[in-house]
Amino acid sequence: MKIESVIRYFQRGLISFMKDRVKLGTTEIAISPLGIGTWAWGDPFVWGYGKESYGEADLQEAFEASHAGGINFFDTAEVYGLGKSEQFLGRFIRECKTPTILATKFMPFPFRLGKSALRRALHSSLDRLGLARVDLYQIHFPLPPIHIETWMDALADAVDAGLVRAVGVSNYSAAQMGRAYNALAARGIKLASNQVHYSLLHRQPEFDGILQLCRDLNVTLIAYSPLEMGILTGKYTPATPPSGMRARRYNSAYLERVMPLLDLVRQIGAGHDGKTPAQVALNWTICKGTVPIPGAKNARHAIANAGALGWRLTDAEIAALDRASVEVT
Ligand SMILES: NC(=O)c1ccc[n+]([C@@H]2O[C@H](COP(=O)([O-])OP(=O)(O)OC[C@H]3O[C@@H](n4cnc5c(N)ncnc54)[C@H](OP(=O)(O)O)[C@@H]3O)[C@@H](O)[C@H]2O)c1
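Summary of the structure given here. As the structure is a prediction and not an experimental result, all values here were calculated from the model.

1. Some thoughts on the nonpolar core
Grouped together as the largest cluster of nonpolar side chains are 95 residues, with contacts concentrated most on Tyr137, Ala180 and Ala281. Discounting residues that sit within four places of it in the chain, Ala180 has contacts with Ile148, Met152, Val169, Tyr172 and Leu191.

This is the structure in structure tokens:
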């Protein structure tokens with residue numbers, strides 16, 4: 001099927017998809033229950049890496065196909081592609097008639113020693129994006145030496161200056177998230193999100209208290225690498241593991257071990273009108289109350305991942321997946 005006809009097919013369903021929005025934390029910002037991650041957009045290490053190469057035209061098609069599939073939430077960072085990801089995304093957003101919710105991130109490098117560093121980095125991000133403000137601005141990692149409270153103060157200043165609509169953190173533990181929450185509350189601002197690694201093959205946030213704290217505080221858990229860097233699509237096997245940077249972790253032995261889970265994912269998908277393993281894996285993260293942001297490098301990925309929306313796994317299927325994932329991880 002041609003890409004134009006696929007996009008037209010999704011446009012017909014756009015109105016119904018658009019009703020399906022969730023709040024980002026307790027803000028008024030309404031996002032699709034699934035976003036798109038753009039780490040690989042322009043990244044010199046992942047550009048063309050994997051079985052297929054891709055370029056700017058593919059990324060623009062991924063952006064447009066995502067919107068056509070009802071996805072309005074895109075995640076980037078100042079460090080992705082050394083700024084190229086923000087540049088691509090900003091241009092696509094400016095040229096798009098449908099409103100986009102944009103999240104980016106500040107990296108607290110150890111040489112960034114105070115609030116003014118965040119202000120400068122934010123202005124640089126806005127320049128690259130070509131936008132007047134960011135919907136969600138996140139601290140990328142809880143790195144020393146600057147205290148969490150200082151960065152929260154800087155984020156609150158950015159909100160007061162009208163440069164940022166909502167603030168979040170990423171890779172924060174439950175304790176660090178609590179500190180961030182309290183520091184922002186002292187400035188009258190609610191922490192909107194914590195972006196952490198969460199997938200059927202990485203359920204740490206369920207066991208270390210992060211997911212529960214997100215639920216308790218009404219903070220959105222944004223699930224990154226929800227497809228476990230492509231493994232949960234089922235396209236890699238012990239005989240054909242991924243190449244490049246992923247090869248070391250996701251080697252043949254790892255893939256051998258997780259096959260029983262992938263078999264179950266396939267079986268469950270077949271019972272939902274042939275949903276793919278990726279769609280089942282993403283739906284599972286949505287059913288857990290999180291917002292997954294799978295990476296998409298082309299329209300095919302974006303369209304496939306949008307197919308995780310508009311249906312739900314049953315409680316029994318979620319429980320079966322939970323059990324199978326514990327057995328293989
Ligand atoms: N805050 C953080 O520290 C942090 C860290 C990591 C990621 N993130 C965010 O999370 C996003 C997603 O994470 P991720 O890129 O690491 O992993 P992911 O979403 O689990 O996997 C993405 C990869 O899977 C493959 N893929 C995606 N959809 C597919 C489909 N429908 N069919 C077949 N293959 C498909 C593609 O790679 P191949 O085609 O090459 O297999 C794609 O690059 C990032 O873009 C970024 O925004 C944040």
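2. A word on the packing of helix H4 (residues 84–95) against helix H5 (residues 115–129)
Packing of H4 against H5 brings their axes to within 7 Å, and their N-to-C directions diverge by 50 degrees. What the angle tells us is that H4 and H5 run oblique. Across the interface between the two elements, Glu86, Gln87, Leu89 and Gly90 from H4 touch Ser125, Arg128 and Leu129 from H5. Looking at side-chain class alone, the contact of H4 with H5 contains two nonpolar, three polar and two charged residues.

3. A look at helix H6 (residues 148–160)
With 13 residues, H6 extends 18 Å between its outermost C-alpha atoms, agreeing within 8% with the 18 Å of an ideal straight helix rising 1.5 Å per residue. By the burial criterion, the buried members of H6 are Ile148, Trp151, Met152, Ala154, Leu155 and Ala158. All buried residues of H6 fall inside an arc of 160 degrees around its axis, so they share one side. The secondary structure elements touched by the buried residues of H6 are H5, strand S6 (134–139), strand S7 (164–170) and helix H7 (174–185).

4. A short note on H5
Across its 15 residues, H5 extends 21 Å between first and last C-alpha, which sits within 8% of the 21 Å expected from 1.5 Å per residue. Residues of H5 that are buried: Leu118, Ala121, Leu122, Ser125, Arg128 and Leu129. End-on, the buried residues of H5 take up no more than an arc of 125 degrees, which puts them together on one face. H5 presents Ser116, Arg120 and His123 as exposed residues on the side facing more than 90 degrees away from its buried surface. Looking at the packing, one finds that the buried side of H5 touches H4, strand S5 (101–106), S6 and H6. Gly130 sits one or two positions beyond H5 and adopts a positive phi of about 70 degrees.

5. Comments concerning the sheet that holds strand S3 (residues 36–37)
The eight strands are arranged S3-S4-S5-S6-S7-S8-S9-S10 in an open sheet whose pairing can be described as parallel. The two strands at the open ends of the sheet, each matched to only one other strand, are S3 and strand S10 (291–292). Of the pairings in the sheet, the one linking S6 to S7 comprises five bridges and is parallel in character. Pairing of Ile139 across the sheet is with Val169, part of S7.

What counts, and where the lines are drawn
- Residues numbered from 1 in each chain as written.
- Predicted model: local features only at pLDDT ≥ 70, side-chain atom pairs only at ≥ 80, totals over all residues.
- Core = buried A, V, L, I, M, F, W, Y, C linked by C-beta atoms within 7 Å.
- Buried ≥ 20, exposed ≤ 12 C-beta atoms within 10 Å, placed from the backbone.
- Contact = placed C-beta atoms within 7 Å.
- Axes fitted to C-alpha atoms, helices over the stretch in contact; angles between N-to-C directions.
- Helix = DSSP H or I, 4+ residues; strand = E, 2+ residues; numbered from the N terminus.
- Parallel < 35°, antiparallel > 145°, perpendicular 65-115°, else oblique.
- Nonpolar A, V, L, I, M, F, W, Y, C, P; charged D, E, K, R; others polar.
- Expected span 1.5 Å × (residues − 1).
- Arc of directions from axis to C-beta.
- Pairing = 2+ DSSP bridges.

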